[in-house]
Amino acid sequence: MSGSLWLKPPATTTPLPAIPRPRRCGNPAARTAPRPAERAAHPHPHPPAAPPAPDTPPAPASDTAPDTLPPPASDTAPADGLAGDPLDELAERLDGFVAVAVHPDEIAAILESDGMTDDHIRLTYGRADSFALAEDLYARVERRHPEPTARRGGPWHSELAGCLLRGLVFALPGLAYVLAAPLLAGEQGRSGLPAGALPLLAGAVTGWVWNQALSHRAYTWLGLGDRPAAARALLVGAPAGALAGTAVALAVAGPGETPAAVFAAGQSLYLAAATVLLVLGRERALLCALSPLAGAVPAFRWDLPDPLRAGLLLASLAASAACAALVLRPGVRRGARGRGGPPQAVSLPYGLFGLGSGLLVLRAGADDTLVGGAGAVIALTLSMGPAEWLLHRFRDESLARLRTLTTAREFRRAVTGTLVLCLGGYLTVLLALTLAATLVWPDAPWPTLPRLVTLLLIGSVLWLGLLLQAFGAVLSAAAVCLLAAAAQTALPAAAGPAAAGGAAALLAVLSCVLLVRPTVHRV
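Residues numbered from 1 in each chain as written. Predicted model: local features only at pLDDT ≥ 70, side-chain atom pairs only at ≥ 80, totals over all residues. Heavy atoms only, no water.

**Q** Just checking my understanding: could you explain the side chain of S320 for this structure?
**A** Tracing the backbone through its elements, the reader meets S320 in helix 13 (residues 306-327). From its side chain, S320 meets the backbone oxygen of S316 in a polar contact 3.0 Å long. Aside from chain neighbours lying at most four places away, what touches S320 is Y270, A273, L277, L286 and A289. (Helix = DSSP H or I, 4+ residues; strand = E, 2+ residues; numbered from the N terminus. Polar contact = N/O pair within 3.5 Å; in protein donor to acceptor, adjacent residues only side chain to side chain. Contact = heavy atoms within 4.5 Å.)

Shown next as structure tokens:
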């Protein structure tokens, strides 16, 4: 500290007592009169004591000998003539600081910053040092900690409408497959999949992996407060991701799957544009760009002309790309790169998590009937909006418990209860969306109980994985998702429910072990 916390000078004089005169041996009556200098130093000396009687022994010497001068009287001395305890005055002056202190060391720091030395404390308050004085003050003043205020509108509080909007823009691109279905019709596909499904799936998975890692890197720049650098990262990474998805789709395309490969190229371009708009907070612009896909609604009942289908698809794709190009203008400016960013390897686990979660979603859509599988995928994509809101709610409620609870055991119980409620709420929403998609979709079969259980387990894996990723445990979430996806891909019939259930249980244990620690929730 550079100076005292108290800006006004003290109202009393120094409390140091006057230096006592040395005692003289012999008869006190034989003492000589004080010199003029002594009279000047002591303007009000005590009258000399009467000489003792011849038979009376001299009084023993003590610290309160009559020739020791008292300290100057204070203007606020009690009326009865007794000196007040200076510790009471200090406790009254520091009452506001002492009442909210959680440890005496905080009070000792205040005393030292006020300029109190150990010598001053010993002479004035009779304590050895500032720590002893702080302990007395801490015991003397009652604790009056202020009540914590509710933090609404903080960084982890998000409105439900915004999250639902994101869930809607996640699911609307599924209407593009409805429009493009007649255009992609062909001979029997490979690996037991419909015609053209393999290049579409390969391009989609490539885009999920790339754009998940790219989003993390761009969000890191945004967290550093450098929006132009985030735009520049997207400006470089988004076109590269579109090219990578197109190249993979063309590489796996077989004979007669050229239309599917072309559609996969447009799909890769859309994923790149959507990543840019979502990262930079332009969900409404993306919703407007996807509005031409609403023309797919009549296609559920009637057959639309192929030129109209192709025109709606191209209009939505062009609008998405144009909106992304407009919001990337800050990244083109000179010097937008800013200071050195995080290593690119840091974003790799997020891409692996995107790979595992994407394979799980695709596996959820692998049904005996294409319609039944599409309903599961639509339910999962629509549920990502409520899932994001519940993630924000869990973080916000955890921070509130961190401010209000006083023991680690209470915090663990509260966080565990919040985790169970949020996960249960997400699974309830996912089940409702699955049933709604089954009712709305034409000729959709009613899902069986094993498929519903598998879908809910996959939803648990996705939500818990996103939760661990939000708290930095992305490697664990990615490893579990990849293992579950590999098991479901290798043994789809036998390992499907078991792999999803094992992954959900493992992620639940990891979440309970990690998130019950108070240090994880500090921001």
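Structure's up, so let's keep going.
**Q** Where do I start with the pattern of salt bridges in this structure?
**A** It is possible for side chains of opposite charge to pair when their charged atoms get near one another. With the rule as written, the count across this model stands at 10 salt bridges. For D88, the salt bridge is made with R140, and the minimal N-O distance between the two is 2.2 Å. Taken together, the residues D88 in helix 2 (residues 86-93) and R140 in helix 6 (residues 130-140) connect sequence positions 52 residues apart. D88 sits in the partly exposed class, given a relative accessible area of 41%. (Salt bridge = Lys/Arg side-chain N within 4 Å of Asp/Glu carboxyl O. Buried < 20%, exposed > 50% of the residue type's maximum accessible area, 1.4 Å probe, protein only.)

**Q** Sorry, what's going on with the packing of helix 18 (residues 408-440) against helix 19 (residues 449-470) here?
**A** For any two helices packed against each other, the geometry is given by the interaxial angle and the distance between the axes. Taken N-terminus to C-terminus, the directions of helix 18 and helix 19 make an angle of 135°; their axes are 10 Å apart at the nearest point. If you check the angle between helix 18 and helix 19, you find them oblique. Considering how the two elements wind past one another, helix 18 and helix 19 form a crossing that is right-handed. The segment helix 18 lies against helix 19, with L419, C422, L423, Y426, L427, L430, L431 and T434 engaging L452, L455, L456, G459, S460, W463, L464 and L467. By residue class, the composition of the contact of helix 18 with helix 19 is 13 nonpolar, 3 polar and no charged. (Axes fitted to C-alpha atoms, helices over the stretch in contact; angles between N-to-C directions. Parallel < 35°, antiparallel > 145°, perpendicular 65-115°, else oblique. Left-handed = near helix turned anticlockwise from the far one by under 90°. Nonpolar A, V, L, I, M, F, W, Y, C, P; charged D, E, K, R; others polar.)

**Q** I keep staring at a nonpolar patch on the surface and nothing clicks. Help me out?
**A** The grouping of L439, V440 and W446 at the surface amounts to a nonpolar patch, some 400 Å² of accessible area in total. Summarising the element assignment, V440 is placed in helix 18. (Patch = residues over 30% accessible without salt bridge, like charges linked within 9 Å, V, L, I, M, F, W, Y side chains within 5 Å. Areas by Shrake-Rupley, 256 points an atom, 1.4 Å probe, with all protein chains shown as cover.)

**Q** So what exactly am I meant to see when it comes to the packing of helix 4 (residues 104-113) against helix 6 here?
**A** Contact pair helix 4 / helix 6: the axes reach a minimum separation of 8 Å and the direction vectors enclose 120°. By the angle class used here, helix 4 and helix 6 are oblique. Here helix 4 runs over helix 6; the crossing is right-handed. Seen from helix 4, the contacting residues are P104, D105, I107, A108, L111 and E112; seen from helix 6, they are S130, F131, L133, A134, E135, L137 and Y138.

**Q** When you look at the confidence of the model for the protein in this model, what are you seeing that I'm missing?
**A** Reading predicted coordinates in detail is not appropriate for stretches of low pLDDT. Scored by pLDDT, the protein comes out at a mean of 76, with 72% of its residues at no less than 70. The weakest mean pLDDT in the protein belongs to helix 1 (residues 36-41) at 40; the strongest belongs to helix 13 at 90. Per-residue pLDDT stays below 50 along residues 153-157; that stretch engages in 8 contacts with residues further than four places along the chain or on separate chains. (pLDDT = per-residue confidence, 0-100.)

**Q** Which parts of the structure should I look at to understand the environment of Y219?
**A** Inspection of the secondary structure puts Y219 in helix 9 (residues 197-223). Judged by its relative accessible area of 40%, Y219 falls in the partly exposed class. Along the backbone, Y219 and A233 are 14 residues apart, and their C-alpha atoms lie at a distance of 9.9 Å. Residues in contact with Y219, not counting those within four places in the same chain, are R166, L278 and V279.

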